[in-house]
Amino acid sequence: MQFKSIIILTGAGISAESGIPTFRAADGLWEDHRIEDVASPEGFARNRALVQRFYNLRRAALSKAEPNPAHKALMELESYMRENGGEFLLITQNVDDLHERAGSQNLIHMHGALKSALCTHCERRQPQHSDIDERSLCEHCKTKGSLRPDIVWFGEVPYQMGRIEAALARCDLFVSIGTSGAVYPAAGFVRAARHYGARTIELNLDPSAGSALFDDSRLGKASALVPAWVKSLTHEA
Ligand SMILES: [Zn+2]
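Residues numbered from 1 in each chain as written. Predicted model: local features only at pLDDT ≥ 70, side-chain atom pairs only at ≥ 80, totals over all residues. Heavy atoms only, no water.

Draft legend 1. Examining the environment of Arg46 more closely. As for its position among the elements, Arg46 is in helix H3 (residues 41-46). Taking the relative accessible area as the measure of exposure, Arg46 reaches 56% and is therefore exposed. C-alpha separation for the pair Arg46 and Gly86, spaced 40 residues apart in sequence, amounts to 47 Å. Excluding residues that lie within four positions of it along the chain, Arg46 makes contacts with Glu36 and Asp37. (Helix = DSSP H or I, 4+ residues; strand = E, 2+ residues; numbered from the N terminus. Buried < 20%, exposed > 50% of the residue type's maximum accessible area, 1.4 Å probe, protein only. Contact = heavy atoms within 4.5 Å.)

Draft legend 2. Main features of the sheet that holds strand E5 (residues 107-109). As summarised here, the arrangement of the 6 strands in space is E5-E4-E1-E9-E10-E11, forming an open sheet in which the pairing is parallel. Every interior strand has two partners, whereas the edge strands, E5 and strand E11 (216-219), have only one. Sheet twist, expressed as the mean angle between neighbouring strand axes with direction ignored, is 15 degrees. Sheet strands touched by helix H7 (residues 161-170): strand E1 (5-10), strand E4 (87-92), E5 and strand E9 (173-177). Its angle to E4, the strand with the most contacts, is close to 135 degrees. (Pairing = 2+ DSSP bridges. Axes fitted to C-alpha atoms, helices over the stretch in contact; angles between N-to-C directions.)

Draft legend 3. Highlighting the domain arrangement of the chain. Segmentation of the chain into domains returns domain 1 (5-19 + 67-111 + 158-234) and domain 2 (21-64 + 113-151). The gap between the C-alpha centroids of domain 1 and domain 2 is 25 Å. With 9 residues of domain 1 in contact, the opposing surface of domain 2 contributes 10 residues. Together, the buried faces of domain 1 and domain 2 total about 850 Å²; carbon and sulfur atoms form 58% of this surface. For domain 1, the biggest contributors to the area lost against domain 2 are Val95, Asp97 and Tyr159; these three give 52% of the whole. Linking domain 1 with domain 2 are 1 salt bridge, by the criterion used here. Our count for the contact surface shared by domain 1 and domain 2 stands at 5 residue pairs in polar contact (both at pLDDT 80 or more). (Domains from an automatic or database assignment. Buried area = accessible area lost by both parts, 1.4 Å probe. Salt bridge = Lys/Arg side-chain N within 4 Å of Asp/Glu carboxyl O. Polar contact = N/O pair within 3.5 Å; in protein donor to acceptor, adjacent residues only side chain to side chain.)

Draft legend 4. Quick peek at the packing of aromatic side chains. Enumeration according to the criterion identifies 3 aromatic pairs in this entry. Consider the rings of Phe54 and Tyr55, whose centres lie 5.0 Å apart with planes at 85 degrees: the pair is edge-to-face. Each member of the pair, Phe54 as well as Tyr55, is classed as buried. Look at Tyr55 and Trp153: their rings are 6.1 Å apart centre to centre, the planes differ by 40 degrees, and that puts the pair in the tilted class. Here Tyr55 is found in helix H4 (residues 48-61), whereas its partner Trp153 is found in the loop between strand E8 (147-151) and H7, with 98 residues between them in sequence. Note on accessibility: Tyr55 and Trp153 belong to one class, buried. An aromatic cluster is defined as three or more aromatic residues linked by ring pairs; in this entry it consists of Phe44, Phe54, Tyr55 and Trp153. Above the plane of the ring of Tyr159 lies Arg125, whose end atom (NZ or CZ) is 4.7 Å from the centre. (Phe/Tyr/Trp six-rings, centres within 6.5 Å; stacked < 30°, edge-to-face > 60°. Lys NZ or Arg CZ within 6 Å of the ring centre and 35° of its normal.)

Draft legend 5. Up close: the environment of Val175. Topologically, Val175 is positioned in strand E9. A sequence separation of 124 residues divides Val175 from Val51, and the C-alpha atoms of the two residues are 33 Å apart. Among all residues touching Val175, those that are not within four sequence positions of it are Ile7, Ile8, Leu9, Ile201, Leu203 and Trp229.

Draft legend 6. Quick look at the coordination of the zinc ion. Donor atoms from the polypeptide that coordinate the zinc ion comprise Cys119 (SG), Cys122 (SG), Cys138 (SG) and Cys141 (SG), at 2.3 Å from the metal. Each of the 4 donor atoms bound to the zinc ion contributes to angles spanning 107 to 114 degrees, and the resulting shape is tetrahedral. (Donors = N, O, S within 2.8 Å, 3.2 Å for Na, K, Ca; no water. Tetrahedral: all angles 85-135°; square planar, octahedral: opposite > 155°, others 65-115°.)

In structure tokens:
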């Protein structure tokens, strides 16, 4: 293996092939809702019931989706790196749990996770597998009705940015998979990785907004591209 520290960034494109519909930037809608209504603190303040119901439905829909060959290939790459003493970090912008279910371990959900709830009272989080409503109880402070989806909304700061920035400074390979390259700060990761001297690759359906910043750009479906790419990396001499 020529690389000692790999960072993978994934976006909606990898989950779309598992049947998870995503926010469409073109019309500003996510499952027929305006994004500002269901993915902003202001929207939550205006209509808590609507926002809770929206994420309850998304959470429930996860049980109908399965990880696809791209998710599985990333788990295999992580195992390979661990066995060979390398570093591997998977950063996802997705809020589904398909990477976990594929077996990925060193994983950051920078935009939060549907299977987690955040207490607005004590600011601690808890695993969340069922619906959240006004009767839901925080398991830490026991406050009723204080839980919200543990999702990073527009205007909020993505999670674990310090850890991500430190990893970007150390990696020698940065790979972006299934992401439009339009949403910051994730869209800026490729520039940071390049700055520190990493090789950069994108595996995407279409060229992303930052396509010119990648050393190599391979276009196609993640479920085909990612397993082939992982195989080429782990089977090299
Ligand atoms: Zn609490």
